Amino acid sequence: MSEPELNVDIPNEAGWPIQSVDSLCSLISRGTAPVYVEHSEVLAIGQRCVASTGFAPDFARPHSHHAMRNVLRPESGDVLLNSTGTGTIGRSVVFNSPGTFIVDGHVTVMRPRVALADSRWLNSVLRTPAFQRHLERFCFAGSTNQLELSRTPLRVSRLPTPHIDDQRAMGLVIDTLDTAIHETEAIIAKLKAVKQGLLHDLLTRGIDANSELRPPQAEAPHLYKQTPLGWIPKEWEIESVTKACSDVVDCPHSTPHYQDQGMLVARTMYIKDGMFLETQASRVSERQYHERIARLEPQAGDVIFTREAPVGEAYVIPLGMKICLGQRVMLLRPKNGRLVAEYLLAQIYSGAVKDRIATLTSGTTNPHLNVSEVKDFEIPLPPFFEQQAIAERLKEHESRLQSEMSEQQKLALLKMGLMDDLLTGRVRVTPLLAEAAQQTGSA
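Only a predicted model underlies this, so the values are computations on that prediction, with no experimental measurement involved.

### Observations concerning the sheet that holds strand S22 (residues 283-284)
Sheet strands pair by backbone hydrogen bonding; their relative direction is either parallel or antiparallel.
Here is step 1: Read across the sheet, three strands follow the order S22-S19-S25 without closing on themselves; strand pairing throughout is mixed. Strands at the two margins of the open sheet, each flanked by one partner only, are S22 and strand S25 (323-325).
Here is step 2: Sheet topology note: the strand S19 (residues 263-266)/S22 ladder contains two bridges and is antiparallel. Bridging across to S22, Leu-264 finds its partner in Arg-283.

Structure (structure tokens):
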């Protein structure tokens, strides 16, 4: 009895022939259970190696080189498909890593026939929402927490298949975009690492009259003084939040009625890493807004601070934003000419405030702070002009980081849209490459 044919619901605007996964691959097979050891030149590929960003060899675990019978060894260009577990099943990558590897029983190896299927194209098809829905509907079996990939329905699944030359051209486009994305990710990772070092230096050494970082205390001890918060420049003071701020206000105790339209509400879940996720945020009616600002209306330059669930997130209200306080947040209003909001924000995330929060909330099942604890936070306080210089230096770095993150998002969206166009035949890859080549030549 012949097996049923399962067509993947991918639009075929180019009229490509429909072929089964089995006909495109010379091998579709799961690996076997590894024999783990402490050290070995043989590494076993598990689900964590099949990451959304590509093959991750660092997660492979040593497998005994004495247990190499009946193991499945991947070849360069194989497509690895996670085959078990909610949240990981269905994820795929192209294997292209040097070294000696085997595949464990949670991963399926799909080996494209060189003359019929390009691995980059096949992997891109597997990752499409249409193919993921197909896998979920026809190829997964078992309960929610014990999902398994059934090989037979995968083998007989049929999909529109462009000519191998077109597939390879699509692979070239994919590689070009992936390279740009990975290069941007590397820049972002480097900028984030630099940011941490910059924060530490600025918040412990500050900026001198020549707009330069002071030398470290170990190199110039005469420039520093010892305090309960550690060594700080001699010109700095130690000040509590309540003295450096004109107002420290807790949120109203009543719970507002949230809605999709209306005035913005500062809620803990939408405050993260110094930013406010405005597009996702809750809102309240104008009447509730005025009720909640009766005590103090938030204004540009105020710092919103979360004192519970999670503790210690904050952001500075920008010019033009109208917002009221939700539950479990506080408003800190820096004194004019005394405290720069962006400097306070930096201290909350990387300085004395962060350390104090960690001390007050460690070992508790429901981490939270009360208002008096927040008021008593002490921070190193440089002269106002130096705070401004520190804030400006941080702003310059943050601006570049945000620019690179925006570029990464643009590239990811470009890849998503272009892959949808190419994999459905809506846009033909050969004319696209010819046009790109022509533009490059004329540039």
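### What about the packing of aromatic side chains?
The geometry of an aromatic ring pair is captured by the separation of the ring centres together with the interplanar angle, meaning the angle of the planes.
Here is step 1: In the structure shown here, the tally under the stated rule is five aromatic pairs.
Here is step 2: Both rings, one in Phe-55 and one in Phe-101, keep their centres 5.8 Å apart while their planes meet at 80°; by these two values the pair is edge-to-face. Remark: Phe-101 occurs in strand S10 (residues 100-103) and Phe-55 occurs in strand S6 (residues 54-55); sequence separation between them is 46 residues.
Here is step 3: Centre to centre, the rings of Phe-95 and Phe-101 are 5.5 Å apart; their planes meet at 80°, and the pair counts as edge-to-face. Across the pair, exposure class does not vary: Phe-95 and Phe-101 are buried alike.
Here is step 4: Taking the ring centre of Tyr-36 as reference, the NZ or CZ of Arg-61 above it sits at 3.7 Å.
Here is step 5: Positioned above the aromatic ring of Tyr-258 is the side chain of Arg-267, whose terminal nitrogen or guanidinium carbon lies 3.8 Å from the ring centre.

### With respect to unusual backbone geometry
Here is step 1: With an omega of -5°, the peptide bond running from Ala-309 to Pro-310 counts as cis.
Here is step 2: With respect to the helices and strands, the residue Pro-310 is situated in the loop between strand S23 (303-307) and strand S24 (311-316).

### Considering the nonpolar core
One broad trend across soluble globular proteins is that nonpolar side chains are buried collectively.
Here is step 1: Ranked by internal contacts, the top residues of the largest apolar core, which has 37 residues, are Phe-305, Leu-332 and Tyr-343.
Here is step 2: Of all hydrophobic cores here, the second largest spans 35 residues; its members include Trp-121, Leu-122, Met-170 and Leu-418.

### Some details on the sheet that holds strand S4 (residues 42-45)
Here is step 1: Strand order in the open sheet made by the three strands is S7-S4-S10, with mixed pairing throughout. With one partner strand each, in any of the chains shown, strand S7 (61-63) and S10 form the two edges of the open sheet. Averaged over all adjacent pairs, the angle separating strand axes in this sheet is 45°, with direction ignored.
Here is step 2: Relative to S10, S4 runs parallel, the two sharing four bridges. Paired with Ala-44 across the strands is Ile-102, a residue of S10.

### Regarding the environment of Trp-16
Here is step 1: Topologically, Trp-16 is positioned in the loop between strand S1 (6-7) and strand S2 (18-20).
Here is step 2: Among the residues examined, Trp-16 registers a relative accessible area of 8% and is labelled buried.
Here is step 3: When the C-alpha positions of Trp-16 and Cys-245 are compared, they lie 68 Å apart, and in sequence the two are 229 residues distant.
Here is step 4: In contact with Trp-16, not counting residues within four places along its chain, are Pro-160, Thr-161, Pro-162, Met-170, Leu-422, Leu-423, Thr-424, Gly-425 and Arg-428.

### A short note on helix H11 (residues 384-424)
Here is step 1: Its 41 residues place the ends of H11 59 Å apart at the C-alpha level, agreeing with the 60 Å of an ideal helix rising 1.5 Å per residue.
Here is step 2: Looking one or two places after H11, you find Gly-425, whose phi comes out positive at around 80°.

### Some details on the side chain of Asn-123
Here is step 1: Tracing the backbone through its elements, the reader meets Asn-123 in helix H2 (residues 119-127).
Here is step 2: Look past the residues within four positions of Asn-123 in its chain and what remains in contact with it is Val-79, Ser-92, Val-93 and Val-94.

### Considerations on the side chain of Asn-82
Here is step 1: Within the secondary structure, Asn-82 sits in strand S8 (residues 79-82).
Here is step 2: We classify Asn-82 as buried; its relative accessible area is 0%.

### Comments concerning the pairing of S23
The side chains of a regular strand alternate, residue by residue, between the two faces of the sheet.
Here is step 1: The buried count for S23 comes to five of five residues, which makes it a mostly enclosed element.
Here is step 2: Where S23 and S24 come together, four bridges link them in antiparallel fashion. Note that in S24 the partner of Ile-304 across the bridge is Tyr-315.
Here is step 3: Linking two consecutive strands that pair antiparallel, namely S23 and S24, is a turn of three residues; a positive phi of about 45° is found at Ala-309 within it.

### A few points about the pattern of salt bridges
Here is step 1: Taken as a whole, this structure holds 22 salt bridges when the rule is applied.
Here is step 2: With its nearest N and O atoms 3.1 Å apart, the salt bridge here joins Asp-250 to Arg-307. Taken as a pair, Asp-250 in strand S18 (residues 245-250) and Arg-307 in strand S23 lie far apart in primary sequence, 57 residues in all. The exposure classification of Asp-250 matches that of Arg-307, with both residues buried.
Here is step 3: Taken together, the shared-partner salt bridges in this structure form one network comprising Glu-13, Asp-420, Asp-421 and Arg-426.

About the cut-offs
- Residues numbered from 1 in each chain as written.
- Predicted model: local features only at pLDDT ≥ 70, side-chain atom pairs only at ≥ 80, totals over all residues.
- Heavy atoms only, no water.
- Pairing = 2+ DSSP bridges.
- Helix = DSSP H or I, 4+ residues; strand = E, 2+ residues; numbered from the N terminus.
- Phe/Tyr/Trp six-rings, centres within 6.5 Å; stacked < 30°, edge-to-face > 60°.
- Buried < 20%, exposed > 50% of the residue type's maximum accessible area, 1.4 Å probe, protein only.
- Lys NZ or Arg CZ within 6 Å of the ring centre and 35° of its normal.
- Core = buried A, V, L, I, M, F, W, Y, C linked by side-chain atoms within 4.5 Å.
- Axes fitted to C-alpha atoms, helices over the stretch in contact; angles between N-to-C directions.
- Contact = heavy atoms within 4.5 Å.
- Expected span 1.5 Å × (residues − 1).
- Salt bridge = Lys/Arg side-chain N within 4 Å of Asp/Glu carboxyl O.

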